[in-house]
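Listed below are the residues making up each chain.
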Amino acid sequence: MAAGLRGFPWGLLGIGLLFALLLTSLVVMGDAAQNQARFEQLFLWLLVFHVAVLLVLSGLIVYQLVRMAIQYRRGVPGSRLTLRLVAVFMLVAVLPVSVVYYFSFKFLNEGVDSWFDVRVESALEDALELSRSSLDLRVRQLANETQELMSDLEGLSEGLVPLALNDYRRQVGAQELTLVGSNNRIIASSTDSPIRRLPSPPGSDILMRVRPEQPYSRLEPQSDGSLIIRVVATTSSRRPGSENRILQGIYPVDPRMSALSLRVQDAFADYREFAYLRGPMIQGFVFTLSLALAISLMAALWAGLLVARRMVRPISDLVQGTRMVAQGDYSTRLAVQRADELGFLVQSFNTMTRTLNEARDEAERNRRLLDAERAYLESVLQHLRSGVLALDGSLRLRTANAAASEILECDLQGARTRVMSELGEECPLVAQFFEAISDALVRQEAEWSRQVVVFTRSGRKVLMTRAVWLPTSGSSRGLHAIVFDDMTEFLKAQRDAAWGEVARRLAHEIKNPLTPIQLSAERLSRRLGKVLEGADREVLDRATGTIVQQVEAMKTLVNAFRDYAQAPQLERASVDMNQLIRDVCELYLDQDGHSRVDVALDASLPRIHGDAGRLRQLLHNLIKNALEAGKGHEDMEVHVATVFLDDPAGPHIEMRVTDTGPGIKPEFLGRIFEPYTTDKPRGTGLGLAVAQKIVEEHGGMIECHNAESGQGGAVFRIRIPVEHGPVVHEEPE
Amino acid sequence: MSGRAAFRRWPAAVLFGLLGVLAMPGLAQAVEIRTANHMWLDDTTVLVRLDIDMRLPAVLEDALANGVTLEFETQARLERSGRMGRDTLKTEARRVKLQYFALNRHYLVTAVTDERMDLQPTLGDALDQVARRLGRLRLDGVPESARDNPGELGLAAHLTLVYSALPLPLQLDAGLRGDLTTRQEWWRWPLD
């Protein structure tokens, strides 16, 4: 119930009532303006009412304006629009009101003036004058008659006077005849109605005006609305000693004549009064009109204020709602209170916010789902042992997992959106890796895979890399998805397993029968050597010697395989590579006692942490390989050089073993370090394989190419990191 | 006074209250009590005698000549001064109408109270007659103790032009201009 009362449009009801009252008052005022009596009767009430309404309206308007000003100052939504609308309403109200006021003012001035016609006034004056003339004639006539009566009465004794007065009164038709003596003493009186009226002597003012033979007469109105004619006459001659007598006659005026005369006089008086009051009346009309127009203006202003507020309220709500939506509150709903376009707008706003809310909820659900999937993917990626990188078309890093950071030894997860080339300046492995794959990335090959070898502080890494170009549909942009695995350990284990198997088979299939063969050959030589003589003995010795020699060779081969496949545990210690190289080169002297190997060692070469025996074998294999490759070349030279490098890949020593031999055949270059790769008729094909194995066991790398000078010769470059233990420079022991 | 007349009078009072804001009223100086005194007629009756200057201002003379009826009223009060102000013990009023009687070119003076009519040939005579009519007010029922204790009671009198009897436009005009508005102050003197 209370809510219903609150929701009731009291403002509109007030406006309606006010306008109804104003309209009624204006109608009444208009009616009253046509009727003087009614105008006088109602004018004050209307005036008081209008003044009261004006005051009430002024109060309401001031209240609304103050409220609006406060709202404007506070920046309440819609206050500016309300202000503009009110200004427009005021303008719209003032203009027509001003026009109406101007023409009404003009009409009043000219209209009221038109009420007064000179001819009417003249006619009224003539009518009044006619009445006066008629009455004056009667007055003069009665004055003469009264004077004659006075003359007749002059000689009569006081005893006869009453009878004579009575007779005379009847003769002249008077209401009253009174004879007054000295001191205003009534001598005799005759009246047509003694009950109605007592005789009254003439007043002193009349007596002062009476002269002998000049009776005083005048027309007198009565309280009952009739007219009488009073005539006072005195004697023309006075005898000495006689009393001065005065006769007063009161004569009725013919009722019709009296009524007509009074009516004419009243009409004339009214007209004169009306004409006299023309100015004040116009002023009154103008005042009333001004008041009515002021009320109309104020009412229009007040109505404008209310209407503007009512019109702007949905817009204010919309602005407020929009602010709420802008702040992210999509649950905002506005009450639809109108059925017009503004109501439709509010309804549309509600629909929009509802749709936005649903869309946001849906987006939130999708985001959560996406987050969950992303988290899942992140989790999968983080737990993957494979490195995963995602690069955009401009080769900026978008995604990297922990394995990628670990393999490439760089914090890739913290380097998102950075260009890979920039990242490479900080992370050497990234630079090597990116350099190895950049050609495929730039070409945006749809799918590719390759083995990438990078060198790290801890040695060589073989990265099996696969990548896919994922173009974005409808766009030139796309994404490189790169997956790479550190295959170093795997390849090593695979190779070890393969060679272990070979060694096992050799041991099982070849080495086992060798001893019986060797023993049999020695038994044949021992037994038949005693029997045979001469050439037979020689053939036997040569044959058994060959058998034993070849069996030894096969044992050596098998042992070499065993050494390769079953690499012993490294016995690491601090090793001076320069000294080790010098010791090994001492073993390769020519007939003149000169070393066949030329060395150029870096004195600043630090010690490394390695297995001296295995490194010695490495050097033997390389030098021996070089010398054997150079057989038949008289000017064959072998050079061993060392140098210390401290580049972004980490500190390491580099050893170069070069020769001036024929170089490596191109068909062998790709698999020179694989077992059984040799072009020497008596080589096992394991020397370089073992050398590579030793280098890898020390975390280094070995590579081989022919000299770029074009004069032949092979170049072996070995890099071994200085990682195990502090880098120290010690004097050779 | 009829009910209708009363009905018409109090809105006028409201109006003049409002109009009072617009114009500070001033007394029509020529219509005023010059002196006032009293005379004991008997132990309980006092005759209040007012010497009234009845020279009309030009606007009223003009109005009278143009058919407007003027009404004047005198009031006499018997008052007792108290802590809370004055208590009115007795009041007597007298009202007189003055109008131009065009049929015989006289001025008609009518006592509203007893409807006595007097015709005067000139305005001066008529005003004198009005003054005479207004200048005598009889207060009956005056406490006898007042005569033994002079100064205990007081008399007050004032003269006013009855504005509500004026035609409405003239009322409004008078209110706006202030020419006809009276501020009739009470003439007070002790009863001894």
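That block above? That's the structure.
Reading the values: the criteria
- Residues numbered from 1 in each chain as written.
- Chains lettered and ligands numbered in written order.
- Predicted model: local features only at pLDDT ≥ 70, side-chain atom pairs only at ≥ 80, totals over all residues.
- Heavy atoms only, no water.
- Helix = DSSP H or I, 4+ residues; strand = E, 2+ residues; numbered from the N terminus.
- Contact = heavy atoms within 4.5 Å.
- Areas by Shrake-Rupley, 256 points an atom, 1.4 Å probe, with all protein chains shown as cover.
- Axes fitted to C-alpha atoms, helices over the stretch in contact; angles between N-to-C directions.
- Parallel < 35°, antiparallel > 145°, perpendicular 65-115°, else oblique.
- Left-handed = near helix turned anticlockwise from the far one by under 90°.
- Nonpolar A, V, L, I, M, F, W, Y, C, P; charged D, E, K, R; others polar.
- Pairing = 2+ DSSP bridges.
- Patch = residues over 30% accessible without salt bridge, like charges linked within 9 Å, V, L, I, M, F, W, Y side chains within 5 Å.
- Salt bridge = Lys/Arg side-chain N within 4 Å of Asp/Glu carboxyl O.
- Lys, Arg positive; Asp, Glu negative; His and termini not counted.
- Charge placed at Lys NZ, Arg CZ, Asp CG, Glu CD.
- Buried < 20%, exposed > 50% of the residue type's maximum accessible area, 1.4 Å probe, protein only.
- Arc of directions from axis to C-beta.
- Polar contact = N/O pair within 3.5 Å; in protein donor to acceptor, adjacent residues only side chain to side chain.
- Phe/Tyr/Trp six-rings, centres within 6.5 Å; stacked < 30°, edge-to-face > 60°.
- Lys NZ or Arg CZ within 6 Å of the ring centre and 35° of its normal.

Draft legend 1. Seen up close, the overall build of chain B. Along its length, chain B carries five helices and nine strands. Ordered by position from the N terminus, the helices and strands of chain B form the series α-β-β-α-β-β-β-β-α-β-α-β-α-β. Counted over contacts in chain B with a minimum sequence separation of 6, partners at least 24 positions apart contribute 63%. Counting only carbon and sulfur atoms, one obtains 48% of the accessible surface of chain B, whose full area is about 9000 Å².

Draft legend 2. How the structure looks around the packing of helix α9 (residues 278-326) of chain A against helix α10 (residues 341-383) of chain A. Residue and element names in this part refer to chain A. At their nearest, the axes of α9 and α10 sit 10 Å apart, and the two run at 15 degrees to each other. Overall, the two elements α9 and α10 adopt an arrangement that is roughly parallel. Crossing angle aside, the handedness with which α9 passes α10 is left-handed. Every residue of α10 that contacts α9 at Met-311, Pro-314, Ile-315, Leu-318, Gly-321, Thr-322 and Val-325 is listed here: Leu-342, Leu-345, Val-346, Phe-349, Thr-353 and Leu-356. Here the residues of the contact of α9 with α10 are counted per class, giving ten nonpolar, three polar and no charged.

Draft legend 3. Structural view of the sheet that holds strand β2 (residues 186-191) of chain A. All names here are of chain A. Read across the sheet, five strands follow the order β2-β1-β5-β4-β3 without closing on themselves; strand pairing throughout is antiparallel. In this open sheet, the two edge strands, each paired with only one partner strand, are β2 and β3 (216-221). Strand-to-strand twist of the sheet, defined as the mean angle between neighbouring strand axes without regard to direction, takes the value 15 degrees. Alignment of strand β4 (residues 227-234) against strand β5 (residues 246-252), held across seven bridges, turns out to be antiparallel. When the bridges of β5 are listed, Ile-228 appears paired with Pro-252.

Draft legend 4. How the structure looks around a negative patch on the surface. Residue and element names in this part refer to chain A. A surface patch of like charges, here negative, comprises Asp-598, Glu-634, Asp-635 and Glu-637. Tracing the sequence through the fold places Glu-637 in the loop between α17 (612-629) and β14 (638-647). Classification of Glu-637 as partly exposed rests on a relative accessible area of 41%.

Draft legend 5. How the structure looks around helix α2 (residues 58-65) of chain B. All names here are of chain B. For α2, every residue scored as buried is listed here: Val-59, Leu-60, Ala-63 and Leu-64. Down the axis of α2, the buried side of the element spans an arc of 135 degrees, and every buried residue falls inside it. Gly-67 sits one or two residues past α2 and shows a positive phi near 95 degrees.

Draft legend 6. Focus on the side chain of Asp-659 of chain A. Residues and elements named next belong to chain A. Relative to the helices and strands, Asp-659 resides in strand β15 (residues 650-659). Take Asp-659: its relative accessible area is 9%, and that puts it in the buried class. Polar side-chain contacts of Asp-659 include one of 2.8 Å to the backbone nitrogen of Gly-661. Among the polar contacts listed, one links the side chain of Asp-659 to the backbone nitrogen of Ala-714, at a separation of 3.1 Å.

Draft legend 7. Geometry of the packing of aromatic side chains. All names here are of chain A. In total, this model carries five aromatic pairs over all chains according to the counting rule given. Centroid distance Tyr-102 to Phe-103: 5.1 Å. Interplanar angle 75 degrees. Geometry classified as edge-to-face. The ring of Trp-448 carries Arg-450 above its face, with NZ or CZ at 5.2 Å from the centroid.

Draft legend 8. Region of interest: the pairing of β3 of chain A. Residues and elements named next belong to chain A. With five of six residues buried, β3 lies mostly within the body of the structure. Bridge count between β3 and β4: six bridges; the pairing is antiparallel. Bridge pairing in β4 links Glu-220 to Ile-228. Between the end of β3 and the start of β4, which pair antiparallel, lie five residues, with Gly-225 showing a positive phi angle near 90 degrees.

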